[in-house]
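Take a look at the letters that make up each chain.
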Amino acid sequence: MLSIGRLSQETGVKVPTIRYYEQIGLMPAAERSGGNQRLYGAAARRRLSFIRHARDLGFPLEAIRDLLGLTDQPDQPCTAVDAIARAQLTTIRSRIARLQALEDELVRMIGHCTHGRIAECRVIEVLGDHGLCAHDHHGTPEEEGPGR
């Protein structure tokens, strides 16, 4: 049995995140020692490693929840799993295209910079007027993430 700290070390998932996954039901509630310390077995370690890898691949928590649910049906066709993975691939490709457009716009802005004064700076000018951009790269709030 592993303590939460040891599980964290072995999987690379931070302790507060493990607790959060338990809270939202992605991880089952841990067993408890006599001293009320969380204890995890091999199955919990495998499940957390699965979650970590899926998160590394960008899967949202709800998709991971669905994938975990499907793992409980090992004899079923993997059509639903494939659909979830294909949806994630579409999302990733969309993000890549958006990032490419952002890169192109930054290269264009910097390329037009004359390295003069701030008052004549093309980068500042374009940032102040989205109409001067060559690409539409407005993000949606969910794409922008927290703190933006």
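Our structure is the block above this text.
Residues numbered from 1 in each chain as written. Predicted model: local features only at pLDDT ≥ 70, side-chain atom pairs only at ≥ 80, totals over all residues. Heavy atoms only, no water.

Engineer: Even after reading the chapter, I still don't get the pattern of salt bridges, so can you show me in this structure?
Structural biologist: In a structure, side chains of opposite charge can pair up when their charged atoms sit close to one another. By the definition in use, this model includes six salt bridges. A salt bridge links Asp56 to Arg52; its shortest N-O distance comes to 3.2 Å. A residue pair is termed a helical-turn pair when its members lie 3 or 4 positions apart in one helix, as Asp56 and Arg52 do in helix H3 (residues 42-56) at four residues. Across the salt bridge formed by Arg65 and Glu62, the nearest N and O atoms sit 3.3 Å from each other. (Salt bridge = Lys/Arg side-chain N within 4 Å of Asp/Glu carboxyl O. Helix = DSSP H or I, 4+ residues; strand = E, 2+ residues; numbered from the N terminus.)

Engineer: Whenever I open this one, the sheet that holds strand E3 (residues 38-40) confuses me. Can you help?
Structural biologist: Strand pairing within a sheet occurs via backbone hydrogen bonds; the two strands may be parallel or antiparallel. Strand order in this open sheet of three strands is E1-E3-E2, and the pairing throughout is antiparallel. Each end of this open sheet is capped by a strand with a single partner; those strands are strand E1 (2-3) and strand E2 (31-32). Strand direction decides the pairing type here: E1 and E3, joined by two bridges, are antiparallel. Each residue of the ladder has a partner; that of Ser3, found in E3, is Leu39. (Pairing = 2+ DSSP bridges.)

Engineer: I'm lost on the packing of aromatic side chains in this one. Help?
Structural biologist: Any pair of aromatic rings gets described here by the distance separating the centres and the angle formed by the planes. Throughout the structure, instances matching the rule amount to one aromatic pair. Residues Tyr20 and Tyr21 carry aromatic rings whose centres are separated by 6.2 Å and whose planes lie at 50 degrees to one another, so their mutual orientation is tilted. (Phe/Tyr/Trp six-rings, centres within 6.5 Å; stacked < 30°, edge-to-face > 60°.)

Engineer: Could you clarify how one ought to interpret unusual backbone geometry in this entry?
Structural biologist: Glycine aside, residues mostly have negative phi, and peptide bonds are mostly found in the trans state. Here the phi dihedral of Asn36 falls at roughly 70 degrees; this positive angle occurs in a residue that is not glycine. By the element assignment, Asn36 lies in the loop between E2 and E3.

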